[in-house]
Amino acid sequence: DGKRLIRVHTISLPVTSALCNLFRHADLDTIINLSLKQGVNQILYKVEPKNARKALTQACIDSLFVYRKYCSTQHSPGQLILPEPLKLLPLSTLGMIKHSLFHCGTQVDQRAFLSAFVGAMPTYVACSFVDPCLFSLTEIPDYACVEGKDGRVFLPPVLKLSSESISREGVYLLDDGRSLYIWIGEQASKQVTDQLFGMVQQVEGGPTSLRLVYDSEAEAKSLNSRVWTLITQLRKNCPSFKTISIVTRNAHTGSSLDESQFFDHLIEDAARKNKWNPFDLGTKKEEVCNMSYIDFLCHVHKKIQDKFY
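Residues numbered from 1 in each chain as written. Predicted model: local features only at pLDDT ≥ 70, side-chain atom pairs only at ≥ 80, totals over all residues. Heavy atoms only, no water.

Chemist: Give me the lowdown on the nonpolar core, citing residues and values where you can.
Modeler: In terms of nonpolar packing, the biggest core is built from 51 residues, with Ile32, Leu36, Met121, Phe129, Leu134 and Phe262 touching the most fellow members. Breaking this core down by element, the ones donating at least two residues are α2 (28-44), α3 (49-70), α4 (89-98), α5 (108-119), α6 (123-130), β2 (171-175), β3 (179-184) and α11 (293-308). Top element by residues in this core is α3. It accounts for seven residues. The residues contacting Met121, other than those within four sequence positions of it, are Asn33, Leu36, Lys37, Ala126 and Phe129. If you look at the next biggest cluster of nonpolar residues, it comprises 23 residues, including Ile140, Cys145, Ala188 and Leu223. (Core = buried A, V, L, I, M, F, W, Y, C linked by side-chain atoms within 4.5 Å. Buried < 20%, exposed > 50% of the residue type's maximum accessible area, 1.4 Å probe, protein only. Helix = DSSP H or I, 4+ residues; strand = E, 2+ residues; numbered from the N terminus. Contact = heavy atoms within 4.5 Å.)

Now the structure itself:
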C-alpha cells in the first residue's frame, strides 16, 4: 500500500531593516531581469510601449533617489552618487528603453519572439541582453583567449558601447546574450580577414560571401584559434545556441545584415536619426530613448535633484 506524503520546501532568505544593507547587497542582473519581465508583462496587457519605457526610467530615478537621500547624506546634493553594485543601473536602463522590444515599430512576430525569450531568460543573461559586450578581434591581448594549463580562459577587455570604439581598420565581436555579431571594418587588413574568413573573393561593392571558418590546424595563439576560443566561451552555459551574424558596410551585396542593426546595439551613442516612429516617442520631453549615455545620466541627475526641492 502506498503512503501519502507531504513534501515541504523551505528556504532561508536574509532580511534587513537598513536601506544601506539593501543597496550594498543589490544584484544588478536580478533587477534588470525582473524589470524586463515586468515591462514585457505591461505591453502584453495593452500598455503602450512609451509608457512602459517611462515606468522603467522612473524606477531607475526613484531607486537612485532613495539611495541618495537616505544612504549618502554626507555628500553634496549636487553630486550624482551611485551605489557600488548599481553603478551600471543607468546604462542598463538606457539599454532597456532603447531596445526594440519597447518600441511601436517592432514587427509583431519579432516582439512575440523577444517577449518569449525574455520570459524564459535566466538572470545571468539579462545584463548582456540590454547592455551587450563588445570585443576587438584585432587587438586581443597576449593573455586572452588562450586556454591555460588549468583550463581557464581569460576574455579580452570589453569596449565602451560607442562608435568611438569602432575603427574602420578593425574587426569586432558583439554579444547581446542571444546572438553574436562580427562587424568587419571596410579597411580591415586582408591578412586578418583571410585568417578569419578564408580567401574572400572581392567584387565591386564588397565581398561576394563571408563565412567564419574554423582552422583545426591553426596554432593555439593564432588569430583564428583565439577567436573561436572566445566564441566557445561566450556560448557556454547559454539557454540557447548563439548564432553568428557577419556585418559589413557593403550590406547591399546580400552577404551581410543591415549595418544599422549592429550600431543600434551601441547604446552609449545618441540614437540614429529617424530610428523610432514619431508617434511612439510622444512629446520631446519623453524622447529619453534618443539620448546618449552622458545625456541620460544628466537627465537622471536632474530628476533626482528635482525630488529634493
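Following the structure, the description resumes.
Chemist: Any chance you could break down α3 for me, citing the residues and the numbers?
Modeler: The end-to-end C-alpha distance of α3, which contains 22 residues, comes to 32 Å, matching closely the 32 Å that a straight helix rising 1.5 Å per residue would cover. Of all the positions in α3, only Pro49, Ala52, Arg53, Leu56, Thr57, Cys60, Ile61, Leu64, Phe65, Tyr67 and Arg68 are classed as buried. (Expected span 1.5 Å × (residues − 1).)

Chemist: Break down the sheet that holds strand β6 (residues 243-248) for me, with residues and values.
Modeler: In sheet architecture, strand pairing relies on hydrogen bonds along the backbone and comes in two forms, parallel and antiparallel. The strand order β1-β2-β3-β6 describes an open sheet built from four strands, whose pairing is mixed. The outermost strands of the open sheet, each flanked by one partner alone, are β1 (133-136) and β6. Strand-to-strand twist in this sheet, taken as the mean axis angle between neighbours without regard to direction, amounts to 20 degrees. Judged from the five bridges that link them, β2 and β3 form a sheet pairing that is antiparallel. Bridge pairing links Leu173 to Ile182 in β3. (Pairing = 2+ DSSP bridges. Axes fitted to C-alpha atoms, helices over the stretch in contact; angles between N-to-C directions.)

Chemist: Residue-level account of the packing of aromatic side chains, with values.
Modeler: Applying the stated criterion across every chain, the model contains nine aromatic pairs. Consider the rings of Tyr172 and Trp183, whose centres lie 6.0 Å apart with planes at 40 degrees: the pair is tilted. Linking Tyr172 in strand β2 with Trp183 in strand β3, this pair joins segments that are eleven residues apart in sequence. Overall, the relative accessible area of 2% leaves Trp183 in the buried class. Pairing Trp183 with Phe263 gives two aromatic rings, centres 5.8 Å apart and planes at 85 degrees, and the pair type is edge-to-face. One end of the pair, Trp183, is in strand β3; the other, Phe263, is in helix α9 (residues 259-263), with 80 residues separating them in the sequence. An aromatic cluster is defined as three or more aromatic residues linked by ring pairs; in this entry it consists of Tyr172, Trp183, Phe262 and Phe263. In this arrangement the basic side chain of Lys307 is found over the ring face of Phe65, its NZ or CZ atom lying 5.4 Å from the centre. (Phe/Tyr/Trp six-rings, centres within 6.5 Å; stacked < 30°, edge-to-face > 60°. Lys NZ or Arg CZ within 6 Å of the ring centre and 35° of its normal.)

Chemist: Quick one: what's the story with helix α7 (residues 190-197), residue by residue and with numbers?
Modeler: Those residues of α7 lying buried are Val192, Thr193, Leu196 and Phe197. Each buried residue of α7 sits inside an arc of 95 degrees when the element is viewed along its axis, so together they form one side. Those residues of α7 that are exposed and aimed more than 90 degrees away from the buried face are Lys190 and Gln191. Packed against the buried residues of α7 are β2, β3, α8 (223-235) and β6. The N-capping residue of α7, defined by a side-chain oxygen 3.2 Å from the backbone nitrogen of Gln191, is Ser189. Just past α7, the residue Gly198 takes up positive phi, approximately 75 degrees. (Arc of directions from axis to C-beta. Polar contact = N/O pair within 3.5 Å; in protein donor to acceptor, adjacent residues only side chain to side chain.)

Chemist: Summarise the pattern of salt bridges; cite the residues concerned and give the values.
Modeler: Pairing between side chains becomes possible if they bear opposite charge and their charged atoms approach one another. Under the criterion given, the structure shown has six salt bridges. A salt bridge links Glu164 to Lys160; its shortest N-O distance comes to 3.6 Å. A relative accessible area of 43% places Lys160 in the partly exposed class. (Salt bridge = Lys/Arg side-chain N within 4 Å of Asp/Glu carboxyl O.)

Chemist: Account for the pairing of β2, naming residues and giving values.
Modeler: Taking burial as the measure, the five residues of β2 include five buried ones, the bulk of the element. Burial along β2 is two-sided: the face carrying Val171, Leu173 and Asp175 and the face carrying Tyr172 and Leu174 are both buried. As paired strands, β1 and β2 are joined by four bridges and run antiparallel to one another. What sits directly across from Phe135, in β2, is Leu173. Turn length for the β2-β3 hairpin, with the two strands adjacent in sequence and antiparallel, is three residues, and the turn residue Gly177 shows positive phi of about 85 degrees.

Chemist: I'd like a description of the environment of Glu84, backed by residues and values.
Modeler: Relative to the elements of secondary structure, Glu84 occurs in the loop between α3 and α4. Between the C-alpha atoms of Glu84 and Arg24, which are 60 residues apart in sequence, the distance is 7.3 Å.

Chemist: Please set out the confidence of the model for the protein residue by residue, giving values where relevant.
Modeler: Of all residues in the protein, 89% have pLDDT values of 70 or greater, and the mean over the chain is 86. Looking across the protein, the model is least confident in strand β5 (residues 206-207), with a mean pLDDT of 50, and most confident in β1, with 96. Between residues 251-255, whose pLDDT stays under 50, and residues either more than four places distant or in other chains, the model counts eleven contacts. (pLDDT = per-residue confidence, 0-100.)

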